[in-house]
Amino acid sequence: MTRRTGIACTLLLSMYLVPVADAVAAMHDGVAPVAARVSTADPDFMAELTAAMDQGASGDTLGAAIVFERLLADPRLLTLDDVQRSHAWHIAALVAGEQKQEALAGQRLQTALSINPHNTAARFMLAAGQLADDKVAASADNVIRGIADTEGALDLPKDLVWHLAVALKDTPATQRRLLQGLFDHGWKSDGLEPAELWVTLATLQVEAGEQDRVSATLARVDQPLPLVMLRSDKRFDRYLERGTPRFDPVAAAQRHIDRLRVATMLAPGINDAAVELAYALLIAGQSQEVIGMTQSLADYASTAPTRPQGDEARSVGWLLELRGRAQRQLGQNDDALATQILAVRMAEDSGQVDQSLGLGYLYAVLLRAAAAREAVEDLKDLTAQGESARQLIDLIAALHLNDSAAAQRARDALSAQRQQAAGIYMTSLVANNRLDDAAATLIARLADPLERGGALLELQGFRMSPLLPGEVAFHARWDRFAQRADVKAAVSAVGRVERYALYNE
């Protein structure tokens, strides 16, 4: 759940530019003591710089931007030591970012790092901007260097990590260096083990011949779906005691729920911990609990005079979407649609697009093709996964409307993204009844060492919500596809298919 596959790419930079106040607090805590030891620092200039930082932290970033323009050109800046000057340029970059001056922010970050190459906060912020600009190699280099320079806990935003890990899928050596650095530094995603990333790391370790590292990596994987992925892949048989509770996905689901209940007690409210708990309950089929824990939020959201903003909007959007999925598990389809519409409205100011994609899909399988198109037509700056999801919705809608031109446009777009979103592309082939092409795509995915785990996960037998009208024919085709002799032979060569009393949401 931690990974948001449809989130707009432009959020990467903006989400990391938000905490000016946090950066200023760190500046006061970490740099101010240094100032007391530096006799050359001009005290009047330090007071002006501190006031400018506090002005930005208070929300007056326009005023702070004007002041920083003057202070950065002031000769007294050179009276600060390298750490102080680098931090000053970093804070000035944050202020520029808040003013949507991304190019200026990038220049200031480069200056900060030229003064102090070990300014990890500036390096991570620069990496986020580079990734938003699709400069994946440069972003990865800065993150890996920043990790190596970090002592203690990593202050690395989860969205940067997840997007970068996905973007590096075609450069496995760099991806392995990134993930190994995160693993060695004990990085967690909002306090939770990023189990999917550790499965990827273990896969990379196996493929690189680093078998001696695999067991330690897998020791930090204790979530249901990642364990299903490991159990389905024969490469990991030597590392798993399949008959024990430790590697039982259903038992792991309950352990994960128990951990998340503690996390939500320690950090109550509408936040990522609550989202992760709702998602974990949904996977375990405890849908009534999801509805119960989100009831007051749904009551409030339906009459709220204003929409939430930022992180709160993202959490509200996800909690309502998961409530809708729980209603679907219970066959409450009208309620699920109403909840999904509410989720889209409440997430509107978050910059998040996942809820709109979910609404588009729901309309499509309810055979409301025009509404499905409308729900997704204005989404912009999507990731490859998000764009492929939108094109799949458009394809389903076009097939229902017998719109051959629109269907072909969707097919062409899906084909263009088939390397970056292979699972969605394969699903589109099944939806289009092109089972020979779907089988060929699956066989190629299973032959790809890094694509294999995801492909095997998609084939496992899970519990399903009652089918909606637009899902019946698809699932019949999927069953035929999964039972093909060539598909079964390809699966058997590298893995296995089993049934689990879990939902794959």
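Residues numbered from 1 in each chain as written. Predicted model: local features only at pLDDT ≥ 70, side-chain atom pairs only at ≥ 80, totals over all residues. Heavy atoms only, no water.

### Some points on the overall build of the chain
A count of helical and extended segments in the chain gives 28 helices and two strands. At 24 Å, the chain has a C-alpha radius of gyration in line with the 23 Å of a compact globule built from 505 residues. Split into buried and exposed, the 505 residues of the chain put 54% on the buried side. A total of about 21,600 Å² of accessible surface is found on the chain, and carbon and sulfur atoms cover 52% of it. Considering the chain, the positive charge centre built from 50 side chains and the negative charge centre built from 64 side chains are found 7 Å apart. (Helix = DSSP H or I, 4+ residues; strand = E, 2+ residues; numbered from the N terminus. Rg over C-alpha atoms; globule rule 2.2 N^0.38 Å. Buried < 20%, exposed > 50% of the residue type's maximum accessible area, 1.4 Å probe, protein only. Areas by Shrake-Rupley, 256 points an atom, 1.4 Å probe, with all protein chains shown as cover. Lys, Arg positive; Asp, Glu negative; His and termini not counted. Charge placed at Lys NZ, Arg CZ, Asp CG, Glu CD.)

### A look at the packing of aromatic side chains
Under the definition given, this model contains four aromatic pairs. Summarising the aromatic geometry, the rings of Phe 474 and Trp 478 are spaced 6.0 Å apart at their centres and angled 35° between planes, so their arrangement reads as tilted. With Phe 474 and Trp 478 both in helix H27 (residues 469-482) and four residues apart, the pair spans about one turn of that helix. Judged by relative accessible area, which is 17%, Phe 474 ranks as buried. One aromatic cluster in this structure is built from Phe 474, Trp 478 and Phe 481. Lying over the aromatic face of Phe 183, Arg 220 brings its terminal NZ or CZ to 4.1 Å of the ring centre. The positively charged end of Arg 246 is found above the aromatic ring belonging to Phe 247, 4.6 Å away from the centroid. (Phe/Tyr/Trp six-rings, centres within 6.5 Å; stacked < 30°, edge-to-face > 60°. Lys NZ or Arg CZ within 6 Å of the ring centre and 35° of its normal.)

### Regarding the environment of Pro 249
If you trace the backbone, Pro 249 turns up in helix H15 (residues 249-266). Among the residues examined, Pro 249 registers a relative accessible area of 1% and is labelled buried. The spacing of Pro 249 and Asp 222 is 27 residues in sequence and 8.2 Å in space, taken between C-alpha atoms. The residues contacting Pro 249, other than those within four sequence positions of it, are Pro 224, Leu 227, Val 228, Arg 231, Tyr 500 and Leu 502. (Contact = heavy atoms within 4.5 Å.)

### Points about the confidence of the model for the chain
Residue-level pLDDT values for the chain average 92, and 92% of them are 70 or greater. Within the model, pLDDT remains below 50 along residues 9-18, and this stretch shows 34 contacts once partners closer than five positions in the same chain are excluded. For residues 30-39, every residue scores under 50 in pLDDT, and the model assigns this stretch 13 contacts once sequence neighbours within four places are set aside. (pLDDT = per-residue confidence, 0-100.)

### Details of the packing of helix H4 (residues 43-57) against helix H5 (residues 61-72)
Axis separation between H4 and H5 bottoms out at 8 Å; the angle between their running directions is 155°. One element, H4, and the other, H5, form an angle in the roughly antiparallel class. Regarding H4 and H5, the two cross each other, and that crossing is left-handed. On H5, the residues that touch Phe 45, Glu 48, Leu 49, Ala 52, Met 53, Gln 55 and Gly 56 of H4 are Thr 61, Gly 63, Ala 64, Val 67, Phe 68, Arg 70 and Leu 71. Split by residue class, the contact of H4 with H5 holds eight nonpolar, four polar and two charged. (Axes fitted to C-alpha atoms, helices over the stretch in contact; angles between N-to-C directions. Parallel < 35°, antiparallel > 145°, perpendicular 65-115°, else oblique. Left-handed = near helix turned anticlockwise from the far one by under 90°. Nonpolar A, V, L, I, M, F, W, Y, C, P; charged D, E, K, R; others polar.)

### Thoughts on helix H26 (residues 452-459)
Quick reminder: α-helices carry 3.6 residues per turn. Residues three or four places apart thus point the same way. With six of its eight residues buried, H26 lies for the most part within the structure. What H26 keeps buried is the set Arg 452, Gly 453, Ala 455, Leu 456, Leu 457 and Leu 459. For H26, the secondary structure elements touched by its buried residues are helix H14 (224-232), helix H25 (435-447), strand S1 (461-463), H27 and helix H28 (485-494).

### Let's talk about the nonpolar core
Of all hydrophobic cores here, the largest spans 76 residues; its most connected members are Val 143, Leu 156, Leu 182, Leu 218, Phe 236 and Leu 320. With nine residues, helix H16 (residues 272-283) is the largest single contributor of residues to this core. Counting residues in hydrophobic clusters, the runner-up holds 47 residues, among them Tyr 363, Met 426, Ala 439 and Leu 456. (Core = buried A, V, L, I, M, F, W, Y, C linked by side-chain atoms within 4.5 Å.)

### Observations regarding a nonpolar patch on the surface
Taken together, the side chains of Val 262, Met 265 and Leu 266 define a hydrophobic patch exposed on the protein surface, amounting to about 360 Å² of accessible area. As for its placement among the helices and strands, Leu 266 is situated in helix H15. For Leu 266, a relative accessible area of 72% gives the class exposed. (Patch = residues over 30% accessible without salt bridge, like charges linked within 9 Å, V, L, I, M, F, W, Y side chains within 5 Å. Salt bridge = Lys/Arg side-chain N within 4 Å of Asp/Glu carboxyl O.)

### A word on helix H13 (residues 211-218)
Considered for burial, the residues of H13 that qualify are Val 214, Thr 217 and Leu 218. On an axial view of H13, the arc spanned by its buried residues comes to 85°, and they lie on one face. (Arc of directions from axis to C-beta.)

### Thoughts on the pattern of salt bridges
On inspection of all chains with the given rule, the structure shows 32 salt bridges. One salt bridge in this structure joins Arg 108 and Glu 69, with 3.2 Å as the shortest N-O distance. You can see Arg 108 sitting in helix H7 (residues 102-115) and its partner Glu 69 sitting in helix H5, a full 39 residues away along the chain. Among the charged side chains, a salt-bridge network with shared partners connects Glu 48, Arg 70, Asp 74 and Arg 76.

### Considering the side chain of Thr 339
Note on placement: Thr 339 falls in helix H19 (residues 333-346). Taking relative accessible area as the criterion, Thr 339 reaches 8% and is therefore assigned buried. With near-sequence residues (within four places) excluded, Thr 339 lies in contact with Leu 320, Arg 323, Gly 324 and Gln 327.

### Concerning unusual backbone geometry
Phi at Leu 367 is positive, roughly 65°, even though this residue is not glycine. With respect to the helices, strands and loops of the structure, Leu 367 is situated in the loop between helix H20 (354-365) and helix H21 (369-376). Look at Asn 433: it is not a glycine, yet its phi comes out positive at around 60°. By the element assignment, Asn 433 lies in the loop between helix H24 (422-431) and H25.

### Describing the packing of helix H9 (residues 136-149) against helix H11 (residues 172-184)
A packed helix pair is summarised by two numbers, namely the angle formed by the two axes and the spacing between the axes. Two elements in contact, H9 and H11, have axes whose closest approach is 10 Å; the angle formed by their N-to-C orientations is 30°. Overall, the two elements H9 and H11 adopt an arrangement that is roughly parallel. The way H9 lies across H11 gives a crossing that is left-handed. Each of Ala 140, Val 143, Ile 144 and Ile 147 in H9 lies in contact with H11, whose residues at this interface are Thr 174, Arg 177, Leu 178, Gly 181 and Leu 182.

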